[in-house]
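Single-letter residue listing:
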Amino acid sequence: MDILILAVVIALVAVGAISGLVVSSRKKKQLPPPAPPSTPTITAPPAEPQVGEDAVETAEEPRRTIEEVGLPEAEAPAAAPVVVEPEVPAAPEIEVPEPTAGRLVRLRARLARSQNSLGKGLLTLLSREHLDEDTWEEIEETLLIADVGVVPTQELVGRLRERVKVLGTRTPAELRTLLKEELLTLVGTDLDRAVKTESGEDTPGVIMVVGVNGTGKTTTTGKLARVLVADGRSVVLGAADTFRAAAADQLQTWGERVGARTVRGPEGGDPASIAYDAVKEGIAEGADVVLIDTAGRLHTKTGLMDELGKVKRVVEKHGPLDEILLVLDATTGQNGLTQARVFAEVVDITGIVLTKLDGTAKGGIVVAVQRELGVPVKLVGLGEGADDLAPFEPEAFVDALIGD
Ligand code: GDP
């Protein structure tokens, strides 16, 4: 009888060795129960797999459980003589985003390239020997073309007229200083442009990102996660844009690059429940900030209102939202302003992110949109690169408009 048992054990070991069977302590992790399709799932950054998640598979060594090869678990040798640990591939490196201080200065050249026509155009016109009515009209036109908006344009032209009269003869340096000062006044130097990332409680700061699809909302959410990580904060992302098919994958990829967890759900799922779960996850893991990406379908105002309103209400079961950022594409001009108006009616916007400022000469939209909504531009997007999102600094912006 003993010989028979020994023979069975030897046979088992042989089968195990031949089939590359791996019996390790991680056996339980190999068959996770499938997640129910409607429940939001949480994806961990690749570098720090969590308990209950699959370890990374290797193509050469498929790990199979005893059940899969048809052997009852009880018959497995207690301590298999040959235990081959699968090679765990090195986790993808977490990127360290560049610091945010002075980013706008770094990106200034990009801003200057696109906005030069505004500042330089104004300076050239103001330098004319005779500032007649035609010239003032041209100055006005230059401002309107740059999307500064009618009322701010009239204010600026009024002030410029006055100061130029007082100045009498104008040196180029004087004109530059004068224009800089007036543009700065228009853009506003005393607005609080800090993105509020703290709740003031023992819970994470919660930021909701809204805007029409295509404006760069998901990209901005991802870039903002990098900004926060660069500043030493831990971030959880909520992929509540369940309308656009690739949005959750896109956001998750951004998150994985900097080690931020993404809470997501099925395509077309309930955005509010994902947003709720994201904040819950943020609280559970003691994260500093939760960023929630939302869908921006402008099919009807009522639809948008229902959806965003619900997301906001549900998230606020955890506590008040700390920031609602509206993402606007700077290249869309008046259209962008119309969008801004609609969103402002639906939720209380606390800050504006102007994207694609690298692709337009219409930097005046900064002024127009602030006036329209009465809230400051807090961040600007200056390219498709991962670190091309910068805190908005009026001085650096105006410097870029006028050039040195
Ligand atoms: P969403 O539908 O609003 O979430 O839009 P996405 O985040 O998918 O962005 C739409 C496109 O705009 C993408 O190709 C982005 O790379 C691009 N984009 C976003 N921000 C900027 C920016 O600041 N500058 C430029 N040039 N492109 C941007």
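Look up a bit, the structure's there.
On a predicted model such as this, the values are computed, not experimentally measured, just so you know.

How each quantity is defined
Residues numbered from 1 in each chain as written. Predicted model: local features only at pLDDT ≥ 70, side-chain atom pairs only at ≥ 80, totals over all residues. Heavy atoms only, no water. Helix = DSSP H or I, 4+ residues; strand = E, 2+ residues; numbered from the N terminus. Contact = heavy atoms within 4.5 Å. Areas by Shrake-Rupley, 256 points an atom, 1.4 Å probe, with all protein chains shown as cover. Buried < 20%, exposed > 50% of the residue type's maximum accessible area, 1.4 Å probe, protein only. Polar contact = N/O pair within 3.5 Å; in protein donor to acceptor, adjacent residues only side chain to side chain. Expected span 1.5 Å × (residues − 1). Arc of directions from axis to C-beta. Core = buried A, V, L, I, M, F, W, Y, C linked by side-chain atoms within 4.5 Å. Domains from an automatic or database assignment. Pairing = 2+ DSSP bridges. Salt bridge = Lys/Arg side-chain N within 4 Å of Asp/Glu carboxyl O. Axes fitted to C-alpha atoms, helices over the stretch in contact; angles between N-to-C directions. Parallel < 35°, antiparallel > 145°, perpendicular 65-115°, else oblique. Left-handed = near helix turned anticlockwise from the far one by under 90°. Nonpolar A, V, L, I, M, F, W, Y, C, P; charged D, E, K, R; others polar. Near = heavy atom within 4 Å.

Asker: Can you tell me about the overall build of the protein chain, naming the residues and giving the values?
Answerer: Looking only at helices and strands, the protein chain has 13 helices and nine strands in total. Put simply, 78% of the contacts in the protein chain that link residues at least 6 apart link residues at least 24 apart. For the protein chain, the accessible area works out to roughly 19500 Å², and carbon and sulfur atoms hold 56% of it.

Asker: Any details on the side chain of Q370? Residues and values, ideally.
Answerer: Counting through the fold element by element, Q370 comes out in helix α12 (residues 365-373). On the accessibility criterion, Q370 (8% relative accessible area) is buried. A polar contact is formed between the side chain of Q370 and the backbone nitrogen of V377, at a distance of 3.1 Å. Not counting the four nearest positions on each side in its chain, Q370 is found in contact with V187, L191, R193, I352, V375, P376 and V377.

Asker: Report on helix α5 (residues 150-167), specifying residues and quantitative values.
Answerer: The end-to-end C-alpha distance of α5 is 26 Å, a good match for the 26 Å that 18 residues give at a rise of 1.5 Å each. Taken as a whole, α5 has its buried residues at P152, T153, L156, V157, L160 and V164. One side of α5 holds all its buried residues, which, seen down the axis, span an arc of 130°. Pointing more than 90 degrees away from the buried face of α5 are the exposed residues E162, K165 and V166. Where α5 is buried, its residues contact α3 (108-126), α4 (133-145), α6 (172-187) and α12. Just downstream of α5, G168 is the residue with a positive phi angle, here 70°.

Asker: For the nonpolar core, give the residues involved together with the corresponding values.
Answerer: Counting residues in hydrophobic clusters, the biggest one holds 79 residues, and the most contacted among them are I349, L354, V380 and F397. Both of domain 1 (103-187) and domain 2 (205-392) provide at least three residues apiece to this core. Core analysis: the next-biggest nonpolar cluster, separate from the first, contains 20 residues, L224, A239, V327 and L379 among them.

Asker: Could you give an account of the pairing of strand β6 (residues 323-329), naming the residues involved and the relevant values?
Answerer: A regular strand places its side chains on the two faces of the sheet in alternate fashion. Burial within β6 is extensive, with seven of its seven residues counted as buried. Here β6 shows a buried face lined by E323, L325, V327 and D329 and a second buried face lined by I324, L326 and L328. As paired elements, strand β2 (residues 205-210) and β6 share four bridges and run parallel to each other. Within β6, the position partnered with I207 by the bridge is E323. Examined bridge by bridge, β6 and strand β7 (residues 351-355) share five bridges and lie parallel to one another.

Asker: With reference to specific residues and values, describe the environment of T203.
Answerer: Secondary-structure assignment places T203 in the loop between α6 and β2. A sequence separation of 81 residues divides T203 from A284, and the C-alpha atoms of the two residues are 9.2 Å apart.

Asker: Tell me what's going on with the pattern of salt bridges, and back it up with residues and numbers.
Answerer: Scanning the model with the defined rule gives 24 salt bridges in all. Measuring nitrogen to oxygen at the nearest pair gives 3.3 Å for the salt bridge that ties D322 to K196. Taken together, the positions of D322 in the loop between α10 (301-315) and β6 and K196 in the loop between α6 and β2 put the pair 126 residues apart, joining distant regions of the chain. According to the relative accessible area criterion, D322 is buried, its value standing at 10%.

Asker: Describe in detail the packing of helix α7 (residues 217-230) against helix α8 (residues 247-258), supporting the description with residues and values.
Answerer: Each pair of packed helices gets described by two things: the angle between the helix axes and the distance between those axes. Packing of α7 against α8 brings their axes to within 9 Å, and their N-to-C directions diverge by 15°. When the axis of α7 is compared with that of α8, the two are roughly parallel. The two elements α7 and α8 meet at a crossing, and its hand is right-handed. Across the interface between the two elements, T218, T219, T221, G222, K223, R226 and V229 from α7 touch A247, Q250, L251, W254, R257 and V258 from α8. For the contact of α7 with α8, a count of residues per class yields five nonpolar, five polar and three charged.

Asker: Explain the site of the ligand residue by residue, including any values.
Answerer: With respect to spatial proximity, 18 residues lie near the ligand, and among them G214, K217, T218, T219 and E384 are the closest. Between T215 and the ligand, the recorded distance is 3.2 Å, taken from a backbone N or O atom to an oxygen atom. Measuring from an oxygen atom of the ligand, one finds a side-chain N or O atom of E384 at 2.6 Å. In the complex, 80% of the free accessible area of the ligand, which totals 580 Å², lies under the protein chains. A total of four residues in the shell around the ligand trace back to one element, the largest contributor, which is α7. Residues that form the shell around the ligand fall into these classes: two nonpolar, 10 polar and six charged.

By themselves these figures say nothing about function.
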